[in-house]
Amino acid sequence: MLIAANWKAYVGDLGKARTLVRIAKRLSRKTKNDIVLIPPAPLLGMFAGKNKSAVSFGAQDISSLTGGAETGEVTAAAIKASGATYVIVGHSERRRAGDTPTVVAEKLTRALANGLIPVLCVGESERDGEGRYLSFVREQLTSALRPQDAKERKKVIVAYEPIWAIGKTATDAILVNDLAEMVLYIRKVLAELLPGKTSARTFVLYGGSVEPGNIRDLAATSDVDGFLIGHASVDPRMFAALVTELS
Ligand code: PGA
């Protein structure tokens with residue numbers, strides 16, 4: 001399984017970053033799971049470039065632009081040069097800050113063009129009784145993937161992150177049956193967008209209040225390939241427990 005630690009803007013302290021990296025490296029020697037650390041961009045640059053461990057690194061976002069006179073933009077090329085392997089695209093916290101579906105699709109294109117593995121985040125803000133949340137997620141997947149080359153679409157990892165479940169505790173996370181149903185639905189949509197049977201190999205992650213108390217149930221009862229973890233990934237004890245629970 002893939003365990004991706006989205007540090008968000010929780011970590012701005014070099015000492016804490018070093019501790020989290022050290023713990024992840026230690027855990028990576030004892031687990032069969034793949035650990036990906038996703039720090040804020042400057043910290044990513046400090047750790048990813050000289051990394052020789054089994055831990056991988058990713059960025060939380062990239063620019064939708066290719067470069068040039070664009071002060072403050074961090075391009076996919078610059079992220080790739082930092083030593084990152086992955087990049088989150090379309091996280092709900094970036095969408096909330098203004099990333100439209102068009103911008104998300106452009107970021108996906110930039111990531112793929114620069115050899116980064118995109119983790120495309122999708123997820124509804126609320127659940128309704130009429131299944132509108134399903135068409136919402138379908139639209140997010142379609143608008144992001146359709147502009148990509150058919151062969152590039154296979155490289156995308158999808159993270160299902162319902163906004164209503166983000167940043168809470170294990171008791172507020174999605175119910176395992178609902179997650180299983182959603183993963184099935186996402187795979188059905190992906191099967192329409194990806195060539196041949198390749199969608200069966202697409203990694204689908206879940207994110208939203210994953211904690212040591214629920215990760216094992218979520219992993220066991222649904223067809224997920226891993227987790228995108230926010231607040232629990234920056235607490236050294238919780239993060240170690242998460243990896244151990246899945247090992
Ligand atoms: P959370 O965040 O684990 O704190 O809910 C997950 C995410 O937003 O990626």
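It should be noted that the structure appears before, not after, this text.
The residue numbers shown here count from 1 along each chain, following its written sequence. Local features in a predicted model are, by the rule used here, given only for residues with pLDDT of at least 70; side-chain atom pairs are given and counted only at 80 or more, and totals for whole chains, interfaces and linings are based on all residues. The side-chain figures draw on all heavy atoms in the structure; neither hydrogens nor water molecules are used.

**Some words on the site of the ligand**
Okay, so step 1: Nearness here has a simple test: a residue counts as near a molecule or strand if at least one of its heavy atoms is within 4 Å of that partner. The full set of residues close to the ligand is N6, K8, H91, E161, I166, G167, G208, S209, L228, I229, G230 and H231.
Okay, so step 2: Definition of a polar contact: a pair of N or O atoms within 3.5 Å, with one able to donate and the other able to accept a hydrogen when the atoms are protein atoms, and with sequence-neighbouring residues admitted only if both atoms are side-chain atoms. Between the ligand and the protein, one listed contact pairs an oxygen atom with a backbone N or O atom of G167 at 2.6 Å.
Okay, so step 3: What sets the accessible areas is the Shrake-Rupley method with a 1.4 Å probe; for residues, cover comes only from the shown protein chains. Computed on the free molecule, the ligand has an accessible area of 280 Å², of which 100% lies beneath the protein chains in the complex.
Okay, so step 4: Nonpolar residues are Ala, Val, Leu, Ile, Met, Phe, Trp, Tyr, Cys and Pro. Charged residues are Asp, Glu, Lys and Arg, and all others, Gly as well, are polar. By residue class, the composition of the shell around the ligand is 3 nonpolar, 7 polar and 2 charged.

**Here we look at helix α5 (residues 101-113)**
Okay, so step 1: When the terminal C-alpha atoms of α5 are compared, their 18 Å separation across 13 residues agrees well with the 18 Å that a helix rising 1.5 Å per residue should span.
Okay, so step 2: Only protein chains enter the accessibility calculation, which uses a 1.4 Å probe; a residue is then buried when its area is under 20% of its type maximum, exposed when over 50%, and partly exposed in between. Only runs of H or I of at least four residues qualify as helices and only runs of E of at least two qualify as strands under DSSP, and these elements are numbered from the N terminus. Residues of α5 that are buried include every one of V104, A105, K107, L108, A111 and L112, and no others. Within α5, the buried residues cover an arc of 160° as seen down the axis, which keeps them to one side. Opposite the packed face of α5, turned more than 90 degrees from it, sit the exposed residues T102 and A113.
Okay, so step 3: Summarising the contacts, the buried residues of α5 are in contact with α3 (76-81), β4 (86-89), α4 (92-96), β5 (117-122), α6 (132-145) and α7 (150-153).
Okay, so step 4: Immediately downstream of α5, the backbone of G115 shows phi near 75°, a positive value. By this rule the span expected of a helix is its residue count minus one, scaled by 1.5 Å. Taking the helix axis as origin, the arc is that swept by the directions to the C-beta atoms. The criterion used for residue contact is that any of the two residues' heavy atoms lie within 4.5 Å.

**Examining the sheet that holds β5**
Okay, so step 1: Taken in spatial order, the 8 strands of this closed barrel run β1-β2-β3-β4-β5-β6-β7-β8, and their pairing is parallel. Strand-to-strand, the axes of this sheet are offset by a mean angle of 25°, without reference to chain direction.
Okay, so step 2: As paired elements, strand β1 (residues 2-6) and strand β8 (residues 226-229) share 4 bridges and run parallel to each other. Across the sheet, residue A5 finds its bridge partner in β8, namely I229.
Okay, so step 3: Sitting on the sheet, helix α10 (residues 236-246) is in contact with β1, β2 (34-38) and β8, with an inclination near 165° to β1. Pairing between strands is defined by DSSP: at least two bridges between them are needed. In this analysis an axis means a line fitted to C-alpha atoms, helices contributing only their contacting stretch, and an angle means the value between N-to-C directions, from 0 to 180 degrees.

**Details of the packing of helix α1 (residues 14-28) against α10**
Okay, so step 1: Orientation of α1 relative to α10, taken along the N-to-C sense of each, is 20°, at an axis distance of 10 Å. Looking at the two axes, α1 sits roughly parallel to α10. Two packed elements cross with a definite hand, and for α1 against α10 that hand is right-handed. Contact residues: T19, L20, I23, A24 and L27 in α1; P236, F239, A240 and V243 in α10.
Okay, so step 2: Across the contact of α1 with α10, the residue classes tally to 8 nonpolar, 1 polar and no charged. Note on angle classes: values under 35 degrees are labelled roughly parallel, values over 145 roughly antiparallel, values of 65 to 115 roughly perpendicular, and the remainder oblique. Crossing handedness is defined as follows: a turn of the near helix away from the far one that is anticlockwise and smaller than a right angle gives a left-handed crossing, while the clockwise case is right-handed.

**Notes on α6**
Okay, so step 1: Between its terminal C-alpha atoms α6 stretches 20 Å, which fits the 20 Å expected from 14 residues at 1.5 Å a residue.
Okay, so step 2: All of the buried residues in α6 are Y133, V137, Q140, L141, T142, A144 and L145.
Okay, so step 3: The elements touched by buried residues of α6 are α4, α5, β5, α7, β6 (157-160) and α8 (176-193).

**Topic: the pattern of salt bridges**
Okay, so step 1: We count a salt bridge whenever a side-chain nitrogen from Lys or Arg sits within 4 Å of a carboxyl oxygen from Asp or Glu. One pass over the full model with this rule turns up 11 salt bridges.
Okay, so step 2: Via salt bridges that share partners, D61, R94, D99 and K107 belong to a single interconnected network.

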